[in-house]
Structure formats: structure tokens, C-alpha cells
Amino acid sequence: MHYLKTLVCLVMLCCTATMLTAQSATLKGNVIDGSEDEPLMFATIQIGSTGTNTDMDGNYSIQLEPGTYTLKISYVGLETLTDEITLSAGETLTKDYRLVAGEASLLNEITVTSGKFEKPVSEVTVSMAVIKPSLVENTNSTAVDEVVEKVPGVEVIDGQANIRGGSGYSYGAGSRVLLLVDDLPILAGDAGFPSWRDVPVENIAQIEILKGAASALYGSSALNGVINIRTAFATDEPVTRVSMFNTIYMPPRDKNKQWWGGAAPFDAGASFAHRQRFNKLDLVLGGNIFYNNDVKQGIFDRKGRFNTKLRYNINEQLSIGVNTNFNIGRSRSYFFWAGQDSLAYIPASGTTTPSSVTRYNIDPYLTYFDKSGNRHKLLTRFYNVTNDNGNNQSNFSQVYYGEYQYQRRFSQLGDLGVVAGLVGQHITSEAELYGNLEYTANNGAAYLQLDKKFFDRLNVSAGVRYELFNINSPDSIVDPNFGDGRLFLNPETKTTEAKPVFRVGLNYQPFEYTFIRASWGQGYRFPTIAERYVYTTFASDDIALPLSIRPNPTLESETGWSAELGIKQGVGIGDWKGYLDVSGFYTRYNNMMEFTLQATSPVNFFFQSQNIGNTQIVGADITLVGQGKLGRFPTTVLTGYTFINPTFTDFNDEIQASGSSDDNVLKYRFRHSFKFDAETKFNKVSVGLSANYLSFMENIDTAFEIFLPDLQAYRAENDKGSLNMSARVGYEFKENSRVSLVVKNLTNAEYTIRPALLEPPLNMSLRLDYQF
């Protein structure tokens, strides 16, 4: 009898559900970007306290009771639409919507890096800069580092990215700025160092630069910030673009300086990109070749790259894809000059390194929208780096990376955004640089990010990440106490560490185009394999003293935090719109890791990564960004000034003696920097000007000036900082196709950014960009 009652109840429940379903109505449709006619994924359709989000094809569907409703259709960076509908019982109503950009569109530029959710740049709670691909092409930037240096507060010192003075100089090991390509890290597994020329500049959609600690979202290498390169997707209309250029170099201003020997110095290169959609298949192809004979004698660089981006939309909810990038090349680099006078463009003998490289990554991924509006992403990467170097400096590493990410906007909770994820990474490395020994490293993490908008004016963002690291080393390792590579018994073959990090941020809009933000975030960085275990030597006939790079197996992790208060104000002059951004910031590092040159005796010099103590950086920056017509001429502007005061918190006589300056200032930093880039267009002719000023690098390792005595004399003669100017002119002979002339180092200034490494003299590039 009991079972019969249960069966009757179940039947009644099913009948009731069927009747209710039959009486309900269905609203469905599609949401697209009105300016590009592309579907908008994750647009919000809000109906009172309920709602839904669009899938990857911009489609939505929701069941409602019969009645009249007011809909709000929104997407970050675009104007919100309001619509009123009436539904009858059993009716299926189809409503499609087109969303368009509002006024002051630069404030509405969509970014994802600050919270892994789409958000207008005006509403993020941290300092964020956005670079469009036109700046890459117009300035003939053949690698990403050349263009990110145009952003105020961002420098690249010998390949090492530095945001607001957060990093000094490191010889190819360790990074406090995380480099991402399509949200996946692209740092070498063993050294944590970026390969800028591997990034597909021919297929960039947008570069996003986050300034400040971002470890709560992105982990260890994001202690100082993030550079995220987002590549372009296929479109309904096929696009093919081809570029080629040639660069010639002029003699240095000082005619006494010997420069190139043998083949004349020049650069040449070509690239292509093709994007096309075939029904459910999105295809993107790209490639690049680069050929360089450097102005420094015997130095060259030859690179070739091919990349693909495939995405297959199985249905409206599920898509799968794989991205690949293959790079090969040969080069010869050098460490420092043979002398500051006539030999400044000649490498010191024994300090050049020939290299043959093979690097590739394969990135399968999956995106799934379930029926409840949740977005699930699985991102994976296999990254192989093989550097076959001379001078016993070869290294090999492999990275296995996987990340599961969950995203959801809860419209019934006031459009609360939730991002959560799990990360796993395994690294293997074997190298002559590490004494021909094998090392492995593992990293696991879990993170949670919440974003909520209150009163339609206040954005609140908070996040937490728990990070776990370990490095496994062999029983015997290179002895750090000697410079001859001898081994000793490893006292600790496994190092494990775990730590939580937190962040919180606010963004308040008191007026229509005014946004005030405040943020605080923790940072954490675990040493890389290279920083702990690298070993190599340099032998030179040009210097009397031996030089080596020694390991430091006891190197400890560093922690820190950064805080910022800023305001972003929309500005306009007629049709020219943009924003002015002003911010003050404070960054604190505990147990900071720095690459330092030391001397154990008057004849024994070596570089080594060391914990130098606690440091702080106080500073401010101001940035102006704008685009539109000034009078009758379309004009774009990106300019700004950054000031930093980087100091030790526990300055003492020992620290003072290790640096070339008597003042309390961190090494290898610039207190003042100024950036300017502007371009205006007269009919089909465009003209642009760039300037980059860096103040004098006040402090370097004392041992550097002892090791290279002429370096001290050069720095004393060139203590006013450096100003590098560039100019360009272009002619658009058809839509999206142009020929341009770019002149860099316009005044043929002689300057260094990293000590004992002269930057190139005046050079001119002729470039062709053609779109089919």
C-alpha cells in the first residue's frame, strides 16, 4: 500500500509539472555586436530577479510564466538595451538584439585580465593599459617587448619585463611579470623567462597590461603584474594579411666607435595571418620569419615561426579547439662590451653565446555552457624548449600545464560574477647550465574570484588563491662556493612550500565619466630552477678577471603586496575622446630576490640570485589615452609619466657598499620615465612621433664597475638619462593596406638601458602591410 501511495504521488507530480510547462512560455533569441555583426558570448538578459546568459553563439533561451516583462540586455563595453515584451501561455517568442558601443568608447574597451571576466577598462579595480594591433604595425614592432615599452610605467631591461620598478636586472632567469598568450603562461619552465619573439605579433587582437600584484589570480610569476596577449579569432568574412619590412642601420654618432664587421647590419622580415570561418570550424593561421645582422660585431638572430588556432563548435553549448606555435632559430648573443670607447659595439671575447633553438607549444582546450548558464573551460598546454647553446650553456625544459575554470554570472544575485579554478603544472629540465643534472618542479593551485556591482555605480572585486610549489633536485648539485662547477652532496633534494594570497578592489563611479578605484593585493614568487641551480663561466681576453654565474640552492621565496589609489576621468575635445588616469601606488617586497654581481676576492667575480632583504617602492603615474578627430584629422595619443622611489627598508653599510650609489635606492631602476606616442591622419597619409625618456640608472652593483673599470667612466660621462625618439609616416593606398617608413633613434643618440650594452644607433625601416 505504501508503494502504491508513492507511485500515485509521483504520477501527480509529473502531471502537475507537465501542466505547468504547458502553461509557461519560452523567450529565446540571439545577441550580436552591432558594430561587427559577431555573436556576443556571455551577454546578460535580466528579467526582474531572474535571467540568463548567452552561449558561445550568442543564443539564449528562458522559460517564463505568461505576462508582461521588462528586459535588460547588457554586455560589458556596450550600451544596455531595455525592452518590454508580453508572453501568452504556451507561446514561443523569438527576440534578437544588437548592442552597440556608447560614447567615450575607450572607457568601454573590454578587458579580461583583471578578473578573468569581461569588464570595461573604466570599471576594473586596478591599473590596466590596453594596446591595439595598429600600434604594433605602425611602429614596426617585430616583437611584443618593443611595443609594451610604450606603456607608461613599463620597461624591458635585456628581455626582463619591469612594471613600476618592480624588477631590476636578471640574466635570463626569473620574472615578476607573467606573460600570457590567450590566458595561458608562456614563460620557459626552468628559467621563468619570456621569449618575446615567440608571440604571434601578426595575429594580435589586443594586449592587456595589468600593473600591480596579481598572484591571487595568476600565481607566482605575477608578483609585479601581467602582460596578456589576446590573439584574434576567425570571422564570418575571411581576412588575409601579409606584412614585410627591411631595416638599415646608420653609423653611430661617435665615428671612433667600431661597429659591425663582415656583413652590413640590417633586419628583414615577413609575416602573414589568415582568419576564416567554415560553418562550425574557426581557422586561424599565422607565420613569421625574421633575419638580423646586428650592429654589434658577430651578433645575429634568425627566427622562423608558424602558428595555428582551431576551434570547432560542436553545438551551441560545446566547443573544442587546439592552438599551436612552432619556433626555430639560430642566434649569437653577448653579455657585455669589450670597452666603452672604440670597442663599445664589440663583444668582449668569450662572452658571446651561439644558440640554436627549437620551441613549440600545443594547447588543446574545451569550453562548455551548461543549461544553467555555467561556463566551464579546460585549458591545457605542452611547452617544449630546447636551447642548444655554445659555451656549455645548453638547456632543455618541458612544461605540462592544465587549468579547469568555472565562470558564472548570477543575474538573480544582481549580476554577481564568480570565477573559480584549479591549476596544475609539472616541469622537467636537464641542462649543461645545471651541471648536466635533471630537475623537476610541480605547482598546484586553487583560486576564487568574486565581482559584484552595487547601486549601478560601485564595483567590488575580491579574490583568493592557494598555491603549492615543490622542486626536486638530484643527490649531488653544483657547489655554490666555488666557480669551477664541482659537485657536492645535496643537503635537501626536495623543497616544498604552500601559501595563500588575497586581493580586494573597489571602483566607484561618482559621475558619468569619472571612476575612482582602490585596490590591495598580495604577491608571492617561488624561485625558478635556474635561479637556484644555474652555473656557467665566461672566459675573456679583454678582461683580466674571471667571471661566473653561480647557483644558490638555499634561495628562498619572496612575498609582498601592493596598494593603489587612482582615478580615471573621461576627457574629450570635440570628436576626440579618451581618458586621463592618475594613480599613486605603494609596493612592499619581503625577502626580495635579485640577480647580483659579487666579488669574494679582488680577482674572483660572480653573479648569483640572492635574497637581498625587504624593499619598498612608492610612486605615482599619470597616463593620457585618446582617439578621434582633432578638427578634421583622426588622431591617437598614448602618453604618460611615471615616478618611483625604490628603497631598502633596512638600509645599512653593507647594502650601501654593494651598490655604486651612496643613496638608498634599489639597483637597476629608473626613478623617472616619460612615454609619448601620437599619430594623426591627413586623408590617406598618417604621421606619427614617439619619445621614450628614462632617467639615469643611479645604482648598479659596485662589483660591476670594478669588473669593468671603463663602465664607471662611461656612467660618469652619461649621467643625464636617455631620450630615444622615433618618427613614422604611412600611406594607405587601399583600405587596411599601407606602406610606411619608420625611423627609430631619430637623433642617433648613444645610450644604454642595461649597463655595458649599447642600444642600436639610428635606423630606418620600410614596411608594407597588405590585406586581401
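The structure this text deals with has already been given above.
Here we summarise the structure given alongside this text. All chains use their own residue numbering, which begins from 1 and follows the written sequence. Only residues with pLDDT of at least 70 get local features here, since the model is predicted, and only at 80 or more are side-chain atom pairs given and counted; chain-wide, interface and lining totals rely on the full set of residues. Computation of side-chain values covers all heavy atoms of the structure but excludes hydrogens and water.

Within the protein chain, the secondary structure is distributed over 8 helices and 44 strands. As defined in this context, the radius of gyration uses C-alpha atoms, and a globule is described by 2.2 Å times the residue total to the power 0.38. A globule of 772 residues ought to have a C-alpha radius of gyration of about 28 Å, and the protein chain, at 28 Å, matches this closely. The principal-axis extents of the C-alpha atoms in the protein chain amount to approximately 95 × 70 × 45 Å. Buried, partly exposed and exposed residues are distinguished by accessible area as a fraction of the type maximum, computed with a 1.4 Å probe on protein chains only: under 20%, between the cut-offs, and over 50%, respectively. With 772 residues in all, the protein chain has 57% of them scored as buried. A contact between two residues is defined here by any heavy atoms of the two lying within 4.5 Å. Here the analysis covers contacts within the protein chain between residues at least 6 apart in sequence; of these, 66% occur between residues at least 24 apart. Accessible surface is estimated by sampling points in the Shrake-Rupley manner with a 1.4 Å probe; for residues, cover comes only from the protein chains shown. Carbon and sulfur atoms form 58% of the exposed surface of the protein chain, whose accessible area is close to 31200 Å². A run of H or I in DSSP becomes a helix once it reaches four residues, and a run of E becomes a strand once it reaches two; helices and strands are each numbered from the N terminus.

For salt bridges, the criterion is a side-chain nitrogen of Lys or Arg within 4 Å of an Asp or Glu carboxyl oxygen. Taken as a whole, this structure holds 38 salt bridges when the rule is applied. Of the charged contacts in the structure, one is a salt bridge between K667 and D701, with a shortest N-O distance of 2.8 Å. Of this pair, K667 sits in the loop between α6 (653–658) and β40 (672–682) while D701 sits in the loop between β41 (685–694) and α7 (702–707); the two residues are 34 residues apart in sequence, bridging distant segments of the chain. Salt bridges sharing partners connect three or more residues here, namely R164, K211, R517, E564, K568, D581 and D621.

Backbone-to-backbone hydrogen bonds join strands into a sheet, with any given pair of strands oriented parallel or antiparallel. Ordered by their spatial adjacency, 5 strands build an open sheet running β12-β17-β18-β15-β16, and the pairing between neighbours is mixed. Strands at the two margins of the open sheet, each flanked by one partner only, are β12 (127–131) and β16 (184–185). Only strands joined by at least two bridges in the DSSP assignment are considered to pair.

Of note, D769 is situated in strand β44 (residues 763–771). Since its relative accessible area comes to 1%, D769 is described here as buried. Any pair of N or O atoms that falls within 3.5 Å is considered a polar contact. Within protein, one atom must be able to donate a hydrogen and the other to accept it, and sequence-neighbouring residues count only if both atoms are side-chain atoms. Polar contacts involving the side chain of D769 include one to the side chain of S243, which spans 2.5 Å. In this structure D769 touches E137, R241, V242, S243, F733, N736, S737 and R738, once residues within four positions along its chain are discounted.

One non-glycine residue, R164, lies in the positive phi region at around 55 degrees. Structurally, the position occupied by R164 is in the loop between β14 (160–163) and β15 (177–181). Residue classification places R164 among the buried positions, given a relative accessible area of 8%. In this structure, Y668 is a non-glycine residue whose phi angle is positive, near 60 degrees. Its place among the elements puts Y668 in the loop between α6 and β40.

It is worth spelling out the pairing of strand β32 (residues 494–511) at this point. Relative to β32, strand β29 (residues 458–472) is paired through 15 bridges, and the arrangement is antiparallel. Following the sheet pairing, N459 is matched in β32 by N507. Here β32 pairs with strand β33 (residues 514–525) via 7 bridges, running antiparallel. Across the sheet, residue Y508 finds its bridge partner in β33, namely I516.

This next bit is on the side chain of R754. Mapped onto the elements of the fold, R754 is located in the loop between β43 (737–744) and β44. Judged by its relative accessible area of 2%, R754 is buried. If we ignore the near neighbours within four places in the chain, the residues touching R754 are I157, D158, Y169, Y334, F335, F336 and F704.

In this section: the environment of T554. Among the secondary structure elements, T554 is positioned in the loop between β35 (547–549) and β36 (558–573). For the pair T554 and Q610, spaced 56 residues apart in sequence, the C-alpha separation works out to 9.0 Å. Among the polar contacts made by the side chain of T554, one reaches the side chain of N552 at a distance of 3.0 Å.

For patch building, the residue pool is restricted to those with more than 30% relative accessible area and no salt bridge; the joining distance is 9 Å between like charges and 5 Å between nonpolar side chains (Val, Leu, Ile, Met, Phe, Trp, Tyr). Taken together, the side chains of F278, L281, L310, Y312, I314, I320, L366, Y368, L378, Y404 and L422 make up a nonpolar region of the molecular surface, amounting to roughly 880 Å² of accessible area. Mapped onto the elements of the fold, I314 is located in the loop between β22 (300–313) and β23 (318–334).

As a further point, take the packing of aromatic side chains. Any two of the Phe, Tyr and Trp rings considered here, Trp counted by its six-membered ring, make a pair once their centres fall within 6.5 Å; the pair's planes then place it as stacked at under 30 degrees, edge-to-face at over 60, or tilted in between. Counted by the stated rule, this structure contains 18 aromatic pairs. With a centroid separation of 5.2 Å and 75 degrees between ring planes, the pair formed by W337 and Y714 is classed as edge-to-face. Here W337 is found in the loop between β23 and β24 (352–369), whereas its partner Y714 is found in helix α8 (residues 709–717), with 377 residues between them in sequence. Per residue, the accessibility class of W337 equals that of Y714, and both read buried. Connected via pairs of aromatic rings, a cluster forms that spans F326, Y360, F382 and Y400. Cation placement over rings: the criterion is NZ of Lys or CZ of Arg within 6 Å of the ring centroid and within 35° of the ring normal. The ring of F454 carries the charged tip of K452 above its face, separated from the ring centre by 4.6 Å. Here K499 stacks its cationic end above the ring of Y524, 5.9 Å away from the centre of that ring.

With that settled, the discussion passes to the nonpolar core. V144, V148, I207, I209, I227, Y434 and L547 are the most contacted members of the largest nonpolar core, which has 114 residues in total. In contact with I227, other than residues within four places in its own chain, are V148, A161, V177, L178, L179, L180, W196, I207, E208 and I209. In this text, buried Ala, Val, Leu, Ile, Met, Phe, Trp, Tyr and Cys residues form a nonpolar core when linked through side-chain atoms within 4.5 Å.

The residue F278 is located in strand β20 (residues 266–278) in this model. With relative accessibility at 40%, the residue F278 sits in the partly exposed group. With 451 residues separating them in the primary sequence, F278 and V729 have C-alpha atoms 37 Å apart.

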